[in-house]
Amino acid sequence: MSIRSVLVLSVGLLLGNGQLVLAQFVEHNRIFVMDVTKSMIGYNGNQNVWQEVKASMINQIRYAPMDGGKIIIIPFQDGVIQSEIKQFDNNESGKAKALAYVQNSEIPDAVTNTNICEAWDYSLNMFMGSERQNIFYVFTDGKQNVDYRMDGKAYSKEDCLSEVIKKYCRTSTKGKDFTFFISYRPDLLRDSELNSLMSACENLAFDKPSGDKIFKKIVYLTARSDRLNFSLQNMHAANLGFHIIDKPQDLSFSARLELDQELPSGTLLALTKLDGYRVDENNEVTFQLRGIPSLQAISKALESGSLTGKIKLYNPKGSNARAYFTKGTNEVDVLISNKKVKTLTIKVLED
């Protein structure tokens, strides 16, 4: 007598123009603008935060998806230290070299001013025009204390950081560029600088480490496909999978459905909920449709036989991590068919 275990798989087969699209990682430049002034190691009564800064940078490099982009490190004091700029391929070998470089980095002996404006502006001029998506990390424990000339205009030490922020917000592209400005001494920043950082464009985050002073790891979510298919007749749900590196506990996000066409008066089509889409152990989320007065009524009211639209993803959250979508649009196309979708049940038998 043989012992059989049966595995049943339900596979949805979309008729018509449905297609399976496999998403790939988007190449990124990850650009670390690193303050290496002596205050970082406690000079002149400052707090020594150097080991925490290095650990924070190591977190970002270690947990970054290996997407074929670049890891760039730009150290600065009273200006960019050109001889110490490093660029590594974001692959297994390059990441190991970048981690070793940061771990072994030391603060130069010279006592200098702090020129955040030049270093950040330099990184913008070098990489903003890249075809890759750019993530900038500015690590500092001080404030701008030297005048700076930018794009042919002279700015005082009190004004230049606000002007660099304006330039970044003006020249960057939402979804393509993102900056984390990480201050270990926000109490040293001028009110005008704090206001500029906190009220800047949506693709700039101003933060400070807390607790052990190590900046939390950052988690990126990349959708595996760029379209979901639903049927009002029999497949009211669809799964969206994600590529996720080092997924934290309780990773979730919000989502909403936006249709391209207007529905007949008195009908409504939406997702069953807006918040709390938890990413499961398979790195997937299930979306379900709901209708008013019912999905059947909406189906009967349709003339075209199909609807198109988008599911927009937003507000990702994860325990002990900062979560962001890497897809520039943070949305997935949707095709909602008024036809019944055929399904195939496969039984796998093992003797």
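Look above for the structure.
Residues numbered from 1 in each chain as written. Predicted model: local features only at pLDDT ≥ 70, side-chain atom pairs only at ≥ 80, totals over all residues. Heavy atoms only, no water.

## Observations regarding the sheet that holds strand 13 (residues 252–259)
Step number 1: Read across the open sheet, the 5 strands follow the order 11-19-17-13-15; overall the sheet is mixed. Either end of the sheet is taken by a strand with one partner, and the two such strands are strand 11 (227–231) and strand 15 (277–278). (Pairing = 2+ DSSP bridges. Helix = DSSP H or I, 4+ residues; strand = E, 2+ residues; numbered from the N terminus.)

## Here's the deal with the nonpolar core
Step number 1: Counting residues in hydrophobic clusters, the biggest one holds 34 residues, and the most contacted among them are F242, F253, L269, F287, I311 and L313.
Step number 2: In terms of residue count, the dominant contributor to this core is strand 12 (residues 237–244) (4 residues).
Step number 3: Leaving out residues up to four positions away in the same chain, F287 has contacts with L228, F230, H236, A237, A238, L240, F253, A255, L271, Y277, I311 and L313.
Step number 4: Counting residues in each nonpolar core, the second largest holds 30 residues, with V53, I73, V102 and Y137 among its members. (Core = buried A, V, L, I, M, F, W, Y, C linked by side-chain atoms within 4.5 Å. Buried < 20%, exposed > 50% of the residue type's maximum accessible area, 1.4 Å probe, protein only. Contact = heavy atoms within 4.5 Å.)

## A word on the environment of D250
Step number 1: Here D250 shows up in the loop between strand 12 and strand 13.
Step number 2: D250 sits in the partly exposed class, given a relative accessible area of 42%.
Step number 3: Along the backbone, D250 and V279 are 29 residues apart, and their C-alpha atoms lie at a distance of 7.6 Å.
Step number 4: When sequence neighbours within four positions are dropped, the list of residues in contact with D250 reads R278, K317, G318 and S319.
Step number 5: A polar contact of 3.1 Å, which involves the side chain of D250, links it to the side chain of R278. (Polar contact = N/O pair within 3.5 Å; in protein donor to acceptor, adjacent residues only side chain to side chain.)

## Looking at the packing of aromatic side chains
Step number 1: As enumerated under the stated definition, the model contains 16 aromatic pairs in all.
Step number 2: Ring geometry for Y137 versus F180: centroids 5.4 Å apart, planes at 15°, classification stacked. On the criterion of sequence distance, the pair formed by Y137 in strand 5 (residues 133–140) and F180 in strand 8 (residues 177–183) is long-range, its members being 43 residues apart. The same class applies to Y137 as to F180, namely buried.
Step number 3: Taking 4.9 Å as the distance between ring centres and 50° as the angle between the ring planes, the aromatic pair formed by Y277 and F287 counts as tilted. You can see Y277 sitting in strand 15 and its partner F287 sitting in strand 16 (residues 284–292), a full 10 residues away along the chain. (Phe/Tyr/Trp six-rings, centres within 6.5 Å; stacked < 30°, edge-to-face > 60°.)

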